[in-house]
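The residues making up each chain are set out below.
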Amino acid sequence: MNNKVGYLIRTIRHLHVCGSKLGPNFRTTMRTYTLGISRGKSAIQSVNLRRFLLNVPPRRLEPSLRLLSQGVPVYSKGDATVQEQNATKTLLDEHVQSSSSAVDPLEEDRSVVEENLVVKSKRSQSQQFFDDLQKCTSLCDVLDLVSKYAISEKHCSSCFNAMWMLTKKLSEDQKRYEKQLMVEHPAFMQLCQSLMKNSRSMWCDDLVYSLHAVVKLELPQNTQLVQTLLRVCQERLNDFDDRCVAVLAATLATMGKSRNVDALQAGLQLLVEQRIPKISNIFMLQSLMKCFGKDAPLSLKRKFEDRVLRELDHLTPVNAQNMFSALAAMNYCSIVILDASSNKIIESIHGFSFWQLIHVLKSCSILRYRNVVLYSAIANYVTSHISMWDTNQIALFLSAFGGLRFRSVELMDILAEKVTSHPESLDLKYILGVLRVYSLLNHVPKCQNQEFLESLNGALNNYLTRISNVDLLKAVYSFCILDYLPQPALSQLLQEDNLNELLKSDGLNKEQNEMMVHCVNVCLELDSPSFTKPATVFIKKPSPLVSDLPEVQMALLKLLGDEHFEIKMDADRKKVLPVTEVDDPADAPDVQRVAILCASPSAFCFGTRHPQGKLAMKMRHLKKLGYHVILVHYQEFKNLKKEEAIECLKGEIYSADAFPVSDVNLQDTI
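Residues numbered from 1 in each chain as written. Predicted model: local features only at pLDDT ≥ 70, side-chain atom pairs only at ≥ 80, totals over all residues. Heavy atoms only, no water.

K.L.:
So, the overall build of the chain: which residues are in play, and what are the values?
P.N.:
In terms of regular secondary structure, the chain is built from 32 helices and 4 strands. Relative to its full complement of 670 residues, the chain shows a buried share of 45%. Entry remark: accessible area of the chain is about 36400 Å², with carbon and sulfur atoms responsible for 52%. (Helix = DSSP H or I, 4+ residues; strand = E, 2+ residues; numbered from the N terminus. Buried < 20%, exposed > 50% of the residue type's maximum accessible area, 1.4 Å probe, protein only. Areas by Shrake-Rupley, 256 points an atom, 1.4 Å probe, with all protein chains shown as cover.)

This is the structure we're talking about:
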């Protein structure tokens, strides 16, 4: 076919050279006689003509080409000869003239050219629309374009997305103002109607992004526009690719319950369950996990887990960080996935930003995932690059560690030094946060404990005129846990009106307030410098908690042979004294009393035997009351064999050279 076209073109060019030598009157006659067409023929005949000319065998054109190239007449002079030459010239001239519109395969015919011009014009207008859309700085600017241009379905989607992106940069007050102007704009209704009209013919991605933008613009969910988009998404759900599914899932997660939302959510869940085995993009899997969230059925969560497990070898550091957030969103703790993600984060710890590490720690708290290696790696990284972080960032790290019961000694000492050096820079939120973490983890800075607490107290005093009673109680409670009594704050807290307000709260807040007020009262009695040990604190009754700890009760019974668990010993815990009902410890200062505290793992800082704040405070108070305190890690104690448990308590109660077990009794157990 290409050879035929080439011969035709070359022939036309050569014949055009000699066209002026042929007669002018023979052109139309030969054209009509030989080809049988006229200007009035239809487009179909024009197409047939093109097909006919392209199928002309090249050898039929070669003689003419050869003769014309020689530049000599074919016949001798005569009317018939001249007439035939003129006819040939007319035919070929006409062919050259019409080739641009109907015959020449290198050119388009007039209708095609006109159509292309229209397309180019539309394309130019569309490009101008998008250029103008990028220049918009407000929602009304976008709607002004709607009035100016003919809006297509692509334009509708782009307009709503542009308006949503513009609102993301505004403050809440500006958003309300701009949205009010948007609703009142005369082109807004036109845009909404156009979106509803074109929704069924839209590309899938335009459809879901339009719904997403409409929801983000906070248009009422019960409007016809939103409900129409939801129904169309239901109809076309099977056509959505993975990205569209992820966007739709994210959109539905922010919407309230309704019949269309619930139906679409159910259909989406079925679709995702079918597609999970085929999704290899980890980021897409994580997006879907976040979108379905904690409300996803357990079967779906397990399918996500199985699919991720097959992709663990392909985890990138960013995937690992996102995996914590995705599992936290579903509230699904997969130890295998979290361990693998932790290892990837530890390997690339230097490549993570402040907020990425904070999100990892917060996700660990939500999932109750305990990994001391991961915590230590983050703490060591923050400590070794302490110059990178400001005081607020360090405080946020410590707050996140506090939620995990992880005590980073070096990091807490560094922050304490910063607080002591610049207490004037602390705001109230910062003061409360620092007090909460240090009291929770029972951490007192080495060599500067008193200076640290006094700096915090001085900073708190600056806010006493405008602090709420609840925050005041929290601050004083934290100080008391740390064995420090902030006098100005205490005086304000103990005012009758303030206490009455705190104790009149309802529900859980009332219980928490009562607990903190009670703790403050005990600290005032026992930690005050003027405190003297009362004579009435000696208790001969066994603690009711013992009955809740059968392993400890059994070991004490076997050890002492007395279910009352009472014993008298000398101050050195070596000499056994007889027990009588009339004994008064106030009259026997040489008597040593013993208190056994059984604490759960949650009462210790994670990975250590360091007691947290409330437990440390109880131990401090018992010592001030004259008790020898024995702290038992109950979880570890339960794992001991019976003989090991007895020996453990024996070693804690009696000194190394005490009398045999059968000769003594335990005096007090608390």
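Text resumes after the structure shown.
K.L.:
Just give me the short version of the packing of aromatic side chains, but keep the residues and values in it.
P.N.:
By the definition in use, this model includes 14 aromatic pairs. Where F129 meets F130, the ring centres are 5.3 Å apart and the plane angle is 75°; that geometry is what we call edge-to-face. Ring geometry for W389 against F397: centres 5.4 Å apart, planes inclined by 80°, an arrangement best described as edge-to-face. On the accessibility criterion, W389 (7% relative accessible area) is buried. Given a relative accessible area of 0%, F397 falls into the buried group. Connected via pairs of aromatic rings, a cluster forms that spans F354, W355, Y381, W389 and F397. Cation over ring: R609 sits above F604, and NZ or CZ is 5.7 Å from the ring centre. (Phe/Tyr/Trp six-rings, centres within 6.5 Å; stacked < 30°, edge-to-face > 60°. Lys NZ or Arg CZ within 6 Å of the ring centre and 35° of its normal.)

K.L.:
Help me get a handle on the nonpolar core, residues and values and all.
P.N.:
Counting residues in each nonpolar core, the largest one holds 153 residues, and the members touching the most others are F160, F240, L248, F304 and I378. Residues within four places of F240 in sequence aside, it is in contact with C204, L207, V208, C233, V245, L248 and R275. Counting residues in hydrophobic clusters, the runner-up holds 15 residues, among them V594, I630, F637 and L649. (Core = buried A, V, L, I, M, F, W, Y, C linked by side-chain atoms within 4.5 Å. Contact = heavy atoms within 4.5 Å.)

K.L.:
Tell me about the environment of A616, residues and numbers included.
P.N.:
Secondary-structure assignment places A616 in helix α30 (residues 613-624). Judged by relative accessible area, which is 14%, A616 ranks as buried. Note: C-alpha distance between A616 and L441 (175 residues apart in sequence) is 9.6 Å. Excluding residues that lie within four positions of it along the chain, A616 makes contacts with N442 and P611.

K.L.:
Before we move on, can you summarise helix α17 (residues 317-330) with the specific residues and values?
P.N.:
Along its 14 residues, α17 runs 20 Å from first to last C-alpha, staying within 8% of the 20 Å computed at 1.5 Å per residue. Of all 14 residues in α17, 10 are buried; the element is thus mostly enclosed. Of all the residues in α17, the buried ones are N319, A320, Q321, N322, M323, F324, A326, L327, A328 and M330. Looking at the buried side of α17, the elements it contacts are α15 (282-292), α16 (298-309), α18 (335-347), α19 (354-367) and α20 (372-384). Remark: N331 follows α17 within two positions and exhibits a positive phi of approximately 55°. (Expected span 1.5 Å × (residues − 1).)

K.L.:
How would you explain the pairing of strand β4 (residues 627-633) if you had to name every residue and give the values?
P.N.:
Among the 7 residues of β4, 5 are classified as buried, and the element is accordingly described as predominantly covered. The sheet contact formed by strand β3 (residues 593-599) and β4 spans 7 bridges and is parallel. Within the sheet, the bridge partner assigned to R593 lies in β4 and is Y627. The parallel pair β3 and β4 is bridged by α30, and the resulting crossover is right-handed. (Pairing = 2+ DSSP bridges. Right-handed = clockwise from strand over helix to strand, strands pointing away.)

K.L.:
Which residues make up the side chain of S439, and what values go with them?
P.N.:
You can see S439 is positioned in helix α23 (residues 428-440). Given the relative accessible area of 6%, S439 is considered buried. Engagement of the side chain of S439 in a polar contact is seen with the backbone oxygen of L435, the distance being 2.8 Å. Polar side-chain contacts of S439 include one of 3.5 Å to the side chain of S478. Residues contacting S439, with those up to four places away along its chain left out, are S478, I481, L482 and G613. (Polar contact = N/O pair within 3.5 Å; in protein donor to acceptor, adjacent residues only side chain to side chain.)

K.L.:
Account for the pattern of salt bridges, naming residues and giving values.
P.N.:
Counted according to the given criterion, the structure contains 12 salt bridges. E172 is paired through a salt bridge with K175; the nearest N and O atoms lie 3.7 Å apart. Here E172 and its partner K175 are both found in helix α9 (residues 172-184), 3 residues apart, which amounts to about one turn of the helix. With its nearest N and O atoms 3.1 Å apart, the salt bridge here joins R200 to E235. You can see R200 sitting in the loop between α10 (186-198) and α11 (204-216) and its partner E235 sitting in helix α12 (residues 224-235), a full 35 residues away along the chain. (Salt bridge = Lys/Arg side-chain N within 4 Å of Asp/Glu carboxyl O.)

K.L.:
Requested: an account of the packing of helix α7 (residues 139-148) against α10, with residues and values cited.
P.N.:
Relative placement of two packed helices is described by the angle separating their axes and the distance separating the axes. Direction vectors running N to C along α7 and α10 enclose 70°, while the axes themselves pass 9 Å from each other. In terms of orientation, α7 lies roughly perpendicular with respect to α10. For the pair α7 and α10, contact is made by L143, V146 and S147 and by A187, F188, Q190 and L191, respectively. (Axes fitted to C-alpha atoms, helices over the stretch in contact; angles between N-to-C directions. Parallel < 35°, antiparallel > 145°, perpendicular 65-115°, else oblique.)

K.L.:
Can you break down the environment of L502 residue by residue, with the values?
P.N.:
Structurally, L502 can be placed in helix α27 (residues 496-503). Since its relative accessible area comes to 2%, L502 is described here as buried. Dropping the residues within four chain positions of it, L502 is found in contact with N469, V470, L473, L493 and N513.

K.L.:
Run through the state of the cysteines, naming residues and quoting values.
P.N.:
Linking two cysteines covalently via their sulfur atoms produces the bond known as a disulfide. Per the stated rule, a full pass over the model turns up 0 disulfides. The thiol of C364 is unpaired, and the distance to the nearest cysteine sulfur, on C333, comes to 8.9 Å. (Disulfide = S-S within 2.5 Å.)

It is worth stressing that arrangement in space is one thing and function is another; only the former is reported here.
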